[in-house]
Amino acid sequence: MRNYLDKILFIIDYKYKNLIIFFLLFSCISFLEVVTLGIIGPYLTLLTSPEVFYKNLDIYFPNFSQSIIIDNLIIYFGIIVISIIILKSTIFILCQYFIAKFSWNEIVILRSKLTDKYKKISYEKYIKKNSSEYIQNVSVICANFVKATLMPLIQIICDSVLTISIIIFLMLTDIIVFLSVSFVLIFVGFILDKFFKKRLLLWGRLKNEAAVEVIKGVENSYLGYKETKILNKVSIFKKFILNASRALANIEIKLKVINLLPRASIEILAVTILIGFIFVYIIYQNYFLIDIIPKLVVFFLAALRIGPAIAGINVNINNLRVGKFAVDKLYEEFNEEITYSDNNLEEKNTEEFSDFKSISLINMSYKYPNTNDFVVKDINFKINKGEILGVTGPSGSGKTTCIDLILGLLYPTSGEIRINDKILSKYNSSSWYKKVAYLPQEIFIINESILRNITLSNNDDYDKDFLENILKKTNLESFIEKLPNGINTSVGERGVNLSGGQRQRIALARSLYQNRDIIVMDESTSSLDYEAEKRIINEVSQLKNKTTIILISHNFNILSVCDKIMYVNNGTVKKMDNFKQLFENEEKN
């Protein structure tokens with residue numbers, strides 16, 4: 001349990017100050033609760049048996065009872081009780097507000113920290129996980145941690161302080177009744193805990209796994225909407241989503257029922273025990289009902305407060321068990337950031353690259369972690385500023401890995417990459433990212449306006465003249481002029497309102513707007529028809545001598561604009577030719 005609490009404190013950055021404030025507020029509420037219960041008994045005695053009240057009052061204040069009228073005393077007592085209840089309720093509402101504010105702000109903080117952490121991890125680590133796991137961790141696990149762990153833990157502290165305070169009060173009021181009730185409640189709580197403990201831990205893990213499967217199913221279904229609809233396979237993904245949803249629903253139903261059991265059990269036992277003591281007092285000890293009403297009312301009111309509190313403690317302990325998976329997951333994620341802090345070197349990236357002149361790959365080799373075979377081996381070539389380099393070769397030959405190395409996403413296992421005269425490494429990669437742009441086959445388009453897709457900014461303050469010049473270069477100007485909202489027209493989810501060529505032009509315009517020295521196009525025209533592809537290549541060729549471009553393609557039409565063409569096979573460069581030489585060699589073969 002201590003290890004579990006340590007993990008929770010680690011995740012919330014050891015915010016002891018907030019927990020101490022909550023504890024003090026809970027203590028204040030509990031004190032007022034006990035004072036209220038302490039006053040209720042005498043007040044009821046005053047109402048039902050004034051002579052008994054005055055007799056007890058004379059013991060502590062001998063002459064006080066003769067100097068005050070009973071009606072006035074009833075009014076004074078009533079005002080005091082009401083004032084205490086108002087004060088207690090006000091503090092309680094404020095306390096709940098602070099808890100809610102702290103908890104929901106913590107979700108924002110955790111999501112921000114996790115997003116920053118994922119932004120800093122190396123590309124090698126990034127590709128080891130499924131995208132749905134990243135989505136699950138940021139969107140669901142963070143929320144589950146707060147709702148199923150942090151808030152229940154704070155509520156346990158609140159209910160525990162209240163319960164202990166009322167228990168001490170009841171012990172002083174009637175030790176026999178208190179011990180009897182306590183024994184029964186502890187016994188029932190022990191039985192329920194013993195029976196459900198392991199089940200709750202298991203259901204907590206299964207709940208999160210089912211949630212991941214739902215996200216994965218939805219993601220796969222809608223990303224491949226066209227293909228699954230045409231192939232008539234929508235039902236397969238629907239079945240996948242429904243199976244995961246049913247599993248999730250079944251677990252939620254079980255958890256809901258289990259969380260109701262403690263409260264129902266405590267209510268039944270509390271009422272049964274109180275009625276039992278009424279029988280004992282009246283039948284066996286010859287008390288009159290009016291004599292025991294004040295004490296019974298106090299115990300009944302105490303039961304009304306302590307019953308839900310104990311039930312809440314039990315429910316929230318169950319929630320902590322269900323939330324253990326989220327705690328372990330977040331602890332693992334955040335602890336990994338510390339363990340691999342040497343990889344997060346953004347703050348150490350002080351090396352800046354000057355004006356770009358060339359890229360040199362010198363005896364560069366690479367193999368993925370925990371593997372023996374090199375994906376690329378002994379690569380040597382140089383690209384000068386303003387040149388267009390073509391990269392071609394069979395699928396799986398190492399072209400993409402080579403580009404990932406040039407982009408600074410991966411680092412050579414041996415050999416080096418030099419930008420001008422500086423070695424590219426993890427210590428200066430963030431500076432290098434400012435000089436390169438990447439256009440993949442699946443163009444990254446956000447569900448925003450054309451303007452937002454080009455600038456990738458929420459800021460309306462942009463260089464209008466510079467942007468207009470880029471729109472002309474990429475042949476987007478005439479297309480945008482025909483749109484009803486011009487450059488502010490929404491492109492739809494993943495650019496659904498655009499053609500393939502228009503998406504490519506927006507991506508190219510984005511690269512130029514970001515003023516990058518190198519643009520890498522990874523099969524980015526392969527999905528276009530001949531005419532659209534021809535226009536894009538024509539636009540790319542016009543950037544020659546101004547921007548360095550690396551084109552990965554199997555298409556000779558695209559490679560015709562290249563100054564050099566690198567043929568890659570089995571992880572090695574087989575030849576470096578210009579287009580004419582490569583074409584002649586291919587014809588001979």
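Treat the numbers as computed from the prediction; the structure is a model and nothing was measured. (Residues numbered from 1 in each chain as written. Predicted model: local features only at pLDDT ≥ 70, side-chain atom pairs only at ≥ 80, totals over all residues. Heavy atoms only, no water.)

## A word on the overall build of the protein
Our working definition: Only DSSP runs of H or I covering at least 4 residues are called helices, and only runs of E covering at least 2 are called strands; the numbering of each starts at the N terminus. Each residue is placed in one exposure class: buried if its accessible area under a 1.4 Å probe, protein chains only, is under 20% of its type's maximum, exposed if it is over 50%, and partly exposed if it falls in between. A contact between two residues is defined here by any heavy atoms of the two lying within 4.5 Å. All accessibility values rest on the Shrake-Rupley procedure with a 1.4 Å probe; residue burial counts only the protein chains present in the view.
Scanning the protein from N- to C-terminus turns up 20 helices and ten strands. Relative to its full complement of 589 residues, the protein shows a buried share of 43%. When contacts within the protein are restricted to residue pairs at least 6 apart in sequence, long-range pairs at least 24 apart make up 77% of them. Carbon together with sulfur atoms contributes 59% to the accessible area of the protein, which is approximately 32,000 Å² in total.

## Regarding the pattern of salt bridges
So the rule is basically this: Take a side-chain nitrogen of Lys or Arg and a carboxyl oxygen of Asp or Glu: if they are within 4 Å of each other, that pair is a salt bridge.
One pass over the structure, following the stated rule, counts nine salt bridges. One salt bridge connects K564 with E387, and the closest N-O pair in it is separated by 3.4 Å. Residue K564 is found in strand β9 (residues 564-569), and its partner E387 is found in the loop between β2 (376-384) and β3 (388-392); the two are separated by 177 residues along the sequence. What you see here is one network of salt bridges that share partners, running through K7, K324 and D328.

## A short note on unusual backbone geometry
At N420, a residue that is not glycine, the phi angle is positive and equals roughly 60°. Its location among the elements puts N420 in the loop between β4 (414-419) and β5 (422-423). Relative accessible area serves as the criterion here: at 13%, N420 is assigned to the buried category.

## Remarks on the packing of helix α15 (residues 464-473) against helix α17 (residues 500-513)
Note the threshold: In this analysis an axis means a line fitted to C-alpha atoms, helices contributing only their contacting stretch, and an angle means the value between N-to-C directions, from 0 to 180 degrees. Orientation categories follow fixed angle ranges, with anything under 35 degrees roughly parallel, anything over 145 roughly antiparallel, 65 to 115 roughly perpendicular, and all other angles oblique. By the definition used in this description, the sense in which the near helix is turned from the far one sets the handedness, with an anticlockwise turn below a right angle giving left-handed and a clockwise turn giving right-handed. Put simply, Ala, Val, Leu, Ile, Met, Phe, Trp, Tyr, Cys and Pro go in the nonpolar bin, Asp, Glu, Lys and Arg in the charged bin, and everything else, Gly too, in the polar bin.
Closest axis-to-axis distance for the α15/α17 pair is 10 Å, and the angle between their directions is 140°. In terms of their interaxial angle, α15 and α17 are classed as oblique. The way α15 lies across α17 gives a crossing that is right-handed. Of the residues in α17, those touching α15 at F466, L467 and I470 are A509, L512 and Y513. In terms of residue class, the contact of α15 with α17 is made up of six nonpolar, no polar and no charged.

## Side note on the packing of aromatic side chains
Note the following rule: Two rings from Phe, Tyr or Trp (for Trp, the six-membered ring) form a pair when their centres are within 6.5 Å of each other. A pair whose planes differ by under 30 degrees is stacked, one over 60 is edge-to-face, and the rest are tilted. Think of it as a cone above the ring: NZ of Lys or CZ of Arg counts as a charge over the ring if it is within 6 Å of the ring centre and within 35 degrees of the ring normal.
Within this structure, the stated rule accounts for eight aromatic pairs. With centroids separated by 4.7 Å and ring planes inclined at 80°, the aromatic side chains of Y118 and Y134 adopt a geometry described as edge-to-face. Highlighted residues: Y118 in helix α4 (residues 70-120) and Y134 in helix α6 (residues 131-173), separated in sequence by 16 residues. A relative accessible area of 12% means that Y118 is categorised as buried. The buried category is assigned to Y134, whose relative accessible area is 9%. The structure contains a cluster of three or more aromatic residues connected by ring pairs, namely F22, F26 and F102. Lying across the ring of F334, K113 places its NZ or CZ 4.6 Å from the centre.

## Quick look at the sheet that holds strand β1 (residues 358-366)
Picture the strands of a sheet paired through backbone hydrogen bonds; they go either parallel or antiparallel. The criterion, for reference: Two strands form a pair only when DSSP identifies at least two bridges running between them.
Spatial strand order, β2-β1-β4-β5: four strands in an open sheet with antiparallel pairing. If you trace the sheet from one side to the other, it starts and ends with β2 and β5, each paired once. Of the pairings in the sheet, the one linking β1 to β4 comprises five bridges and is antiparallel in character. If you follow I359 over to β4, its bridge partner there is I419. The strands that helix α12 (residues 399-407) touches are β1, β2 and β4; relative to β1, the one it contacts most, it runs at about 125°.

## So, the confidence of the model for the protein
Keep this limit in mind: Across the chain, each position has a pLDDT score giving the predictor's confidence in that residue, from 0 to 100.
When pLDDT is averaged along the protein, the result is 76, and 77% of the positions lie at 70 or above. Low pLDDT, under 50, characterises residues 338-347; the stretch is placed with twelve contacts to residues that sit more than four places away or in other chains.

## Quick notes on the environment of R418
Under the convention used in this document: A 3.5 Å cut-off defines polar contacts: any pair of N or O atoms within that distance qualifies, except that in protein one atom must be a possible hydrogen donor and the other a possible acceptor, and neighbouring residues in sequence count only when both atoms are side-chain atoms.
For R418, the location among the structural elements is in strand β4. What makes R418 partly exposed here is its relative accessible area of 25%. In sequence terms R418 and S358 are 60 residues apart; their C-alpha atoms lie 8.0 Å from each other. Not counting chain neighbours up to four residues away, the residues in contact with R418 comprise S358, I359, S360, I362 and I423. At a separation of 2.7 Å, a polar atom in the side chain of R418 contacts the side chain of E416. Here D421 takes part through its backbone oxygen, which lies 2.6 Å from a polar atom of the side chain of R418.

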